[in-house]
Amino acid sequence: MPAPPRNVAPLVTALCWVVVVFDGYDLIVYGTVLPQLLTEPGWNLTSSTAGLLGSLAFLGMLLGALLAGRLADALGRRRTILACTAWFSVFTALCAIAPDPVVFGAFRLLAGLGLGGLVPSANALGSEFVPARSRSLVATLMMSGVPIGGSLAALLGIAVLPRYGWPAMFAIALLALVLVLPLCAWLLPESPAWLRAKGRIAQAEALERKYSLVPETETVPHRGFRALLKPPCTRATVLFALATLATLFAWYGLGTWLPQLMRQSGFDLGSALTFLLALNLGAVGGSLVTAWAGARLGPRRAAVLAAAVAAAGLLVLVLRPSQAGAYLALVLAGVGTHGTQCLIGAVVADHYPAPLRGSALGSALGIGRIGAVLAPQAGGWLLAAGFGVTANFLVFAIGAAVASGFVWACPRPVIRKEGVVTR
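Note that the structure is a prediction, hence the values are computed from the model and not measured. (Residues numbered from 1 in each chain as written. Predicted model: local features only at pLDDT ≥ 70, side-chain atom pairs only at ≥ 80, totals over all residues. Heavy atoms only, no water.)

Let us look at the packing of aromatic side chains. Across all of its chains, the model carries twelve aromatic pairs by this definition. Relative to Phe 104, the ring of Trp 43 lies with its centre 5.7 Å away and its plane at 65°, an arrangement referred to as edge-to-face. Pair noted here: Trp 43 is in the loop between α1 (9–37) and α2 (47–75) and Phe 104 is in helix α4 (residues 101–128), with a separation of 61 residues, a long-range link. In terms of burial, Trp 43 and Phe 104 fall into one category: buried. Aromatic side chains Phe 275 and Tyr 327 sit 4.5 Å apart centroid to centroid with 10° between the ring planes, which places their arrangement in the stacked category. Taken as a pair, Phe 275 in helix α13 (residues 269–297) and Tyr 327 in helix α15 (residues 323–351) lie far apart in primary sequence, 52 residues in all. Joined through ring pairs, the aromatic side chains of Tyr 30, Trp 43, Phe 104, Trp 166 and Phe 170 make up one cluster. (Phe/Tyr/Trp six-rings, centres within 6.5 Å; stacked < 30°, edge-to-face > 60°. Helix = DSSP H or I, 4+ residues; strand = E, 2+ residues; numbered from the N terminus. Buried < 20%, exposed > 50% of the residue type's maximum accessible area, 1.4 Å probe, protein only.)

A few words on empty space enclosed by the protein. To find the voids left in a structure, one rolls a probe of water-molecule size over its atoms. Across all of its chains, the model carries four cavities of 30 Å³ or more by this definition. Empty space within the largest cavity amounts to approximately 80 Å³. If you trace the largest cavity, you find it lined by Val 119, Pro 120, Asn 123, Met 143, Gln 341, Ile 344, Gly 345, Val 348, Leu 361, Ala 364 and Leu 365. Counting only elements with at least two residues in the lining of the largest cavity, the list comes to α4, α15 and α16 (354–384). Ranked by residue count, the leading element in the lining of the largest cavity is α15, at four residues. (1 Å grid on protein atoms, 1.4 Å probe; cavity = no way out; pocket = protein on both sides within 12 Å on 5 of 7 lines; lining within 4 Å. Points joined across faces, edges and corners; volume = space filled by probe spheres on them.)

So, about the side chain of Thr 13. Counting through the fold element by element, Thr 13 comes out in helix α1. In this structure, Thr 13 is in contact with Val 130, Val 138 and Met 142, ignoring residues within four places of it in sequence. (Contact = heavy atoms within 4.5 Å.)

Of note in this structure, Asn 44 is not a glycine but carries a positive phi near 55°. Relative to the elements of secondary structure, Asn 44 occurs in the loop between α1 and α2.

Below is the structure:
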């Protein structure tokens, strides 16, 4: 008697989630070490140059996310995840031995290529092994790995930075290469949709039988970015990208500059890192809250509310609240900013047919990374120009409010007709 089919969805989701946690760590770790980098002997960093260094990883992510769809088409989603994880782990770890800001910035830029390519590939693969009704939940849970990685960076920074200095924080990235990558190489299956697209029908059908999957056989007249810019996808593609841009501007601006902003507000480094921890814990909670809200209100309406909550929390910080009030405001900002991005990813994953899903997620995150590139620079320019801490919080609050407007303008839930998304 043949063995019953194994439910592979929890395994795929867990493995993809773990690598996204390391993605989040490698992203947020720069913000945790920034106060020490500003005093590193011989580096002579200013607020403007520190902002530029912070932007380089996000520039690499922009390019990596835009290339992720093409890379996944060529290599498969499984091998793309493996390649991106190895790539960003190596170049993040190399930052530990960078002798000067130029080499450090080059390593951050190169690490960003892998960081940007991982999330859309992991999200697309994870959504393929779960029922359609669970895709929004899986996309939201997947994205929770980013702030969990950021929370780990803040916690480790409190313990590691005073004793071992900033290089040790980057060396920790090698754990993904040593521990996680071998597990993914052993256990992570390939995408049946990719196998079908490559004409490997027998392999795709074998996977579908083994895991009792429902084949996704939707077809589209064009693939890749060309299809995303053709009707009826044009408006959705543009608005998803703009909403992501504004959201990531607020989220990564805070993630980069918050410890330094709190130090300039009079807190020591350890206390300043607890504010970053509050932001990321709020984002972790936001992943759960928005998953619940998205299931009941719909991800689009929930995202509008989440972005508005983020804007409100950041506006509270403009008013210079008490320490307890600042913690609460940052928790709300974390809930709102990251929650909005989770929900946007959920809407995108559900909006497009399987052959376009990876490219759609990659394009939204890739173009959205422009906001992540601009945010560290904007924070550095504001500080260098003497506008101070309050101006940073105000600008990031405006970014969250704009994100709420773009999400509100995004298309409503869709139906599928002949493999093409329509409203």
